[in-house]
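If you want the building blocks of each chain, they are given just below.
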Amino acid sequence: MRKKLLMILGAGSSIARGMPSVPALDQLMRQWGQDWASLRGFLDYYGALAHEIETYYRSGPSGPRPSLNFEKILGEMVALSHWMTPAPWGDTLRQTSCNGAPPPNLHFPNPSFSDYAPYGPTVMLNDQLQYLLTALVEHMRSLCQNLNLTNHAASQYHALFDGLREAFDIGVYNLNYDTAALSAYPGAYTGFSADGRFEPSGIHDRNEWGFVYHLHGSVNHSLVGEFGNEIRWQKDLAGTFFDGHQGLSGDKRSEGRSFPKTTLIAGGFKLDQLLVEPFHSLHAALMRHVYGADAILIGGYGFTDVHINRALRNRLAGPGQKLPVLVLDRAGDRADPMAFRYDPWAFELCGALHASGSYFFEPCHTSPPIPSELAARRAFEVSTPHRVAIWYGGFGEAATRLDGIVPWLDGQADEVLTSAFPAI
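I will try to describe carefully the structure that is included in this document. (Residues numbered from 1 in each chain as written. Predicted model: local features only at pLDDT ≥ 70, side-chain atom pairs only at ≥ 80, totals over all residues. Heavy atoms only, no water.)

1. Description of the nonpolar core
Here is a general trend for soluble globular proteins: nonpolar side chains tend to be buried in one another's company.
Okay, so step 1: If you look at the biggest cluster of nonpolar residues, it comprises 84 residues, and the most contacted ones within it are Met 7, Phe 161, Leu 164, Ile 298, Leu 353 and Leu 409.
Okay, so step 2: Apart from the residues within four sequence positions on either side, Phe 161 is in contact with Met 7, Leu 9, Ile 170, Val 172, Ala 181, Ala 184, Tyr 185 and Phe 395.
Okay, so step 3: Counting residues in hydrophobic clusters, the runner-up holds 41 residues, among them Leu 25, Tyr 46, Ile 53 and Tyr 177. (Core = buried A, V, L, I, M, F, W, Y, C linked by side-chain atoms within 4.5 Å. Buried < 20%, exposed > 50% of the residue type's maximum accessible area, 1.4 Å probe, protein only. Contact = heavy atoms within 4.5 Å.)

Below you can see the structure in the form of structure tokens.
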């Protein structure tokens with residue numbers, strides 16, 4: 001029986017394929033926020049929140065600080081919308097902290113012809129949030145329609161998948177909305193039938209691997225009609241899609257927070273967003289596959305999703321034999337070894353994988369390695385006690401080291417990950 005390899009793919013895995021990085025999406029979101037403000041004639045609440053969060057992050061003692069990205073701001077828009085919902089349905093802390101007053105730095109004009117519109121701020125925030133989410137999925141779908149399947153980046157990406165599929169039964173959780181993983185694994189089960197209907201029983205009863213699940217949504221997702229709640233899979237990206245409800249309908253989740261009805265998940269409160277199908281079933285399946293895997297490969301993931309990190313940590317910190325976990329990343333020229341890193345990525349990686357930065361070394365070496373030099377020599381940084389290895393040469397480029405990756409994931413010693421070239 002072949003071993004099972006679980007793959008978790010983040011945004012960094014498909015950048016070389018022409019998909020945007022998180023910083024690139026940050027810039028687009030700010031522009032879309034300004035576009036909404038110009039179109040509606042109101043304040044750009046997305047931009048205002050971004051400014052306030054940046055100011056907050058700059059305060060406090062010196063040292064590592066949280067990173068600000070569009071998902072953080074979208075999450076705060078949900079929180080602010082709930083904060084501005086009038087009593088008795090809004091955030092009760094508003095009464096406790098400021099006697100029901102709105103935030104002092106944000107102006108909410110009356111959007112109606114009535115002198116009294118207590119839900120006006122909530123309406124405007126939700127309207128901009130819906131606009132931004134729709135712009136995001138439309139942009140990603142446009143890029144996927146022009147995805148190059150034959151260039152060098154695609155060849156490397158496909159070669160990596162092919163090499164892993166040849167050695168393992170693989171299952172993929174794609175945290176991106178794009179079609180890059182499916183282009184490398186055509187025919188993989190997506191959780192939807194041939195006619196596009198979601199199949200929860202197919203996910204929960206399925207023992208086979210060979211799947212690509214889009215845990216946070218896909219450009220192939222479409223609501224059934226302008227006001228439909230059911231999400232279906234649509235193969236033709238040039239067809240008609242419904243990416244969110246027309247109007248301001250929302251769906252209430254925990255503590256009465258309301259979320260737009262859309263085809264994707266972005267921003268904060270992801271556990272709330274995962275409560276609807278198909279995401280609820282896919283998240284449940286993730287728990288099962290983390291425990292059922294013989295090895296795990298994580299590509300281009302920033303370790304920013306708590307529900308992913310905890311799923312990994314719960315498995316890897318538990319009793320039993322440690323799984324080999326390979327992280328595929330791309331190092332900058334000034335990146336430090338794990339032993340000296342205190343940035344959020346390294347901190348969250350160690351927490352999720354139940355590892356310690358001080359144990360990472362290049363196999364057969366005793367001093368902390370320089371990541372850019374490891375990338376140049378196609379070598380790895382490995383924590384032997386924790387069975388965690390990091391590759392710094394890029395996601396698709398890892399195909400050049402399948403000679404070491406496959407046997408290491410299969411359980412062989414760290415020496416198979418020694419440098420492809422001698423140190424100079």
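2. Points about the packing of aromatic side chains
Okay, so step 1: One pass over the full model with this rule turns up 16 aromatic pairs.
Okay, so step 2: On the numbers, 5.5 Å between centres and 75° between planes, the contact of Tyr 173 with Phe 211 is edge-to-face. Of this pair, Tyr 173 sits in strand S2 (residues 169-174) while Phe 211 sits in strand S3 (residues 211-214), and the two are 38 residues apart along the sequence. One exposure class covers both Tyr 173 and Phe 211, and it is buried.
Okay, so step 3: Summarising the aromatic geometry, the rings of Tyr 173 and Tyr 213 are spaced 5.6 Å apart at their centres and angled 75° between planes, so their arrangement reads as edge-to-face. Taken together, the positions of Tyr 173 in strand S2 and Tyr 213 in strand S3 put the pair 40 residues apart, joining distant regions of the chain.
Okay, so step 4: On the accessibility criterion, Tyr 213 (1% relative accessible area) is buried.
Okay, so step 5: The ring of Tyr 157 carries the charged tip of Arg 17 above its face, separated from the ring centre by 4.9 Å. (Phe/Tyr/Trp six-rings, centres within 6.5 Å; stacked < 30°, edge-to-face > 60°. Helix = DSSP H or I, 4+ residues; strand = E, 2+ residues; numbered from the N terminus. Lys NZ or Arg CZ within 6 Å of the ring centre and 35° of its normal.)

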